[in-house]
Amino acid sequence: MNRQAVVCVLTALLALQLHSVYAEDPYLYFTWNVSYGTISPHGVPQKVIMINDEFPGPKINCSSNNNIVINVFNNLDEPFLLSWNGIQQRKNSWMDGMPGTNCPIMPGKNFTYHWQPKDQIGSFYYFPSLGMHKAAGGYGAMRVNSRLLIPVPFNPPADDYTVLIGDWYTKSHKDLAKMLDSGRTLGRPAGVVINGKSGKTKDGKDDAPLFTMEAGKVYRYRICNVGLRTSLNFRIQGHSMKLVEMDGSHTVQNIYDSLDAHVGQCYSVLVTADKKPMDYYMVASTRFLKDVQLATSVIRYAGSNTPPSKVLPEAPVGWGWSLNQWRSFHWNLTASAARPNPQGSYHYGQINITRTIKLVNERTKVDGKLRFALNGVSHIDTKTPFKLAEYFNIADKLFKYNVIGDVPPPSSVAAKITPNILTAEFRTFIEIVFENPEKSIQSYHLNGYSFFPAGMGPGKWTPESRKTYNLLDTVSRHTIQVYPKSWTAIMLTFDNAGVWNLRSEIWERRYLGQQLYMSVSSPARSLRDEYNMPENAFRCGDVLGLPLPAPYLNN
């Protein structure tokens, strides 16, 4: 082979190597039409929000780092947005789909979301984020699978099933919003649904089996609580469940007869079909309510013609049981997640805390109407999303940062309604303590991040409470519960630049102010830390007509 041929071959090999290093991750394209449809999720015909005439909406089945491109057409009679529960949107709060980051998709318009589940794996869901849309459906499941070369700490299951559980109201989302606007609460739900159904026909018979299992095989079930306000307990008649993942983290694989799923949380379990071949019930029932409500769905062993037993497995009682279950959850330190290095290589317990933010929830009245607040402030959105206001450098004209302090005010201070935006210094490690003085359970979600729930306990939090923290292997996740008259402490590094919603997952509380936004800015204004506003981003409010700011640069 002559020298020129050798050079050509080497050049070709180098090109192939560079392509393998720099090639873009695969793209998945979706077109979603959002519309109303009339169905009967709980036995009563009602208008729900459907996507491509499906409720729940289409599944997103992807792998880590895939480019997800979804063109959403809004065929409703009101503005619409979708958000992606648990997807961190690294450097890209532009695609987060919250009213504090995005202008809505107006009726008759469309918007294309483009995001990546960057360095993430696990079970998640999407939902409509405006008003009370979530009460009308519009939600669906997302699976983020590990890349082929990344080891998974269990064998591939025979199949992978999604179970979306949640409480359900038969009033329309507009009527529910009117109730809240008038100062009333939502009250108790009409019931519970599993994948959009109560599990029973009009004459009380079981719906057709939701899933089928073959004897001797192992199946993965991904369970997410997509409801509005109620913690649910999930169990499968006659079968135990091996927990393998929650909220995007591999767990120590403990065995459970049932699992409490609080609003906004997702779990993955492995179920072995090792029982007598017949039909069995899945059960989702309410927790911490005086009158228990439940839904059932049938799992069928292949070839079965034997109906399930009418004796349902009992649910646990009390929140002490639930707290103890949470204490049994542990991070799988040796398993890889989205990257080859083990999860446990991140030693969160050895990082110095630079700041502690204590947030106390409050049920209050402002101008005679019901509101919910954090540290005395009941949040309200502005017509201009906070992220756009920051990007166009007009934030100081529209709202004030840090209207609440890191310590809650005295209880005698009256709550006020105003935008609630806290700033966090980029790449600092911060402790957030949620303190719940009320008699009802709370559930909190932070967009843009996973965090480490280091501790929980009854009463009020004090610095001495840190002695009870799990600083080794608490499970990194995005949603956490706070039990009645108790506290929960989380820790995280604020290393994802953007504007991120921290909210109550109890939807009437979020709607009436129990939320805030975290503004995390990189001083470098660099594409290394955050993307520029996308060309297709809508403008609204006070940024209409303003010149585009200078873009972030690679530096």
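So, a few notes on the structure that sits alongside this text. From a predicted model like this one, the values you see are computed outputs, not experimental measurements.

## Let's talk about helix α3 (residues 319–327)
For step 1, the next point in the chain: By the burial criterion, the buried members of α3 are S322, L323, Q325 and W326. The arc enclosing the buried residues of α3, seen along the axis, measures out at 160 degrees, which places them on a common side.
For step 2, the next point in the chain: Where α3 is buried, its residues meet β16 (255–256), β17 (258–261), β28 (452–458) and β29 (479–482).

## A few points about the state of the cysteines
For step 1, the next point in the chain: For the structure on display, the rule yields 2 disulfides.
For step 2, the next point in the chain: Here C224 pairs with C266 through a disulfide, and the sulfurs are 2.1 Å apart. Measuring the twist about the S-S bond at about 115 degrees, one finds the C224-C266 disulfide to be right-handed. Of the two residues, C224 is situated in strand β12 (residues 218–225) and C266 in strand β18 (residues 266–272); the sequence distance between them amounts to 42 residues.
For step 3, the next point in the chain: By relative accessible area, C266 is classed as buried at 0%.
For step 4, the next point in the chain: Cysteines bonded in the protein chain are numbered consecutively along the chain; their disulfide partners then correspond to 1-4, 2-3.
For step 5, the next point in the chain: Not engaged in a disulfide, the cysteine C62 finds its nearest cysteine sulfur in C224; these two sulfurs lie 13 Å apart.
For step 6, the next point in the chain: By relative accessible area, which is 2% here, C62 ends up buried.

## With respect to the nonpolar core
For step 1, the next point in the chain: Ranked by internal contacts, the top residues of the largest apolar core, which has 74 residues, are Y221, I432 and F494.
For step 2, the next point in the chain: Setting aside anything within four residues of it in sequence, one finds Y221 in contact with Y161, V163, F211, M213, Y267, S268, V269, V271, M282 and I299.
For step 3, the next point in the chain: Among the nonpolar cores identified, the runner-up in size contains 45 residues, and A135, Y139, L176 and F372 belong to it.

Each value, and the rule that gives it
Residues numbered from 1 in each chain as written. Predicted model: local features only at pLDDT ≥ 70, side-chain atom pairs only at ≥ 80, totals over all residues. Heavy atoms only, no water. Buried < 20%, exposed > 50% of the residue type's maximum accessible area, 1.4 Å probe, protein only. Helix = DSSP H or I, 4+ residues; strand = E, 2+ residues; numbered from the N terminus. Arc of directions from axis to C-beta. Contact = heavy atoms within 4.5 Å. Disulfide = S-S within 2.5 Å. Core = buried A, V, L, I, M, F, W, Y, C linked by side-chain atoms within 4.5 Å.

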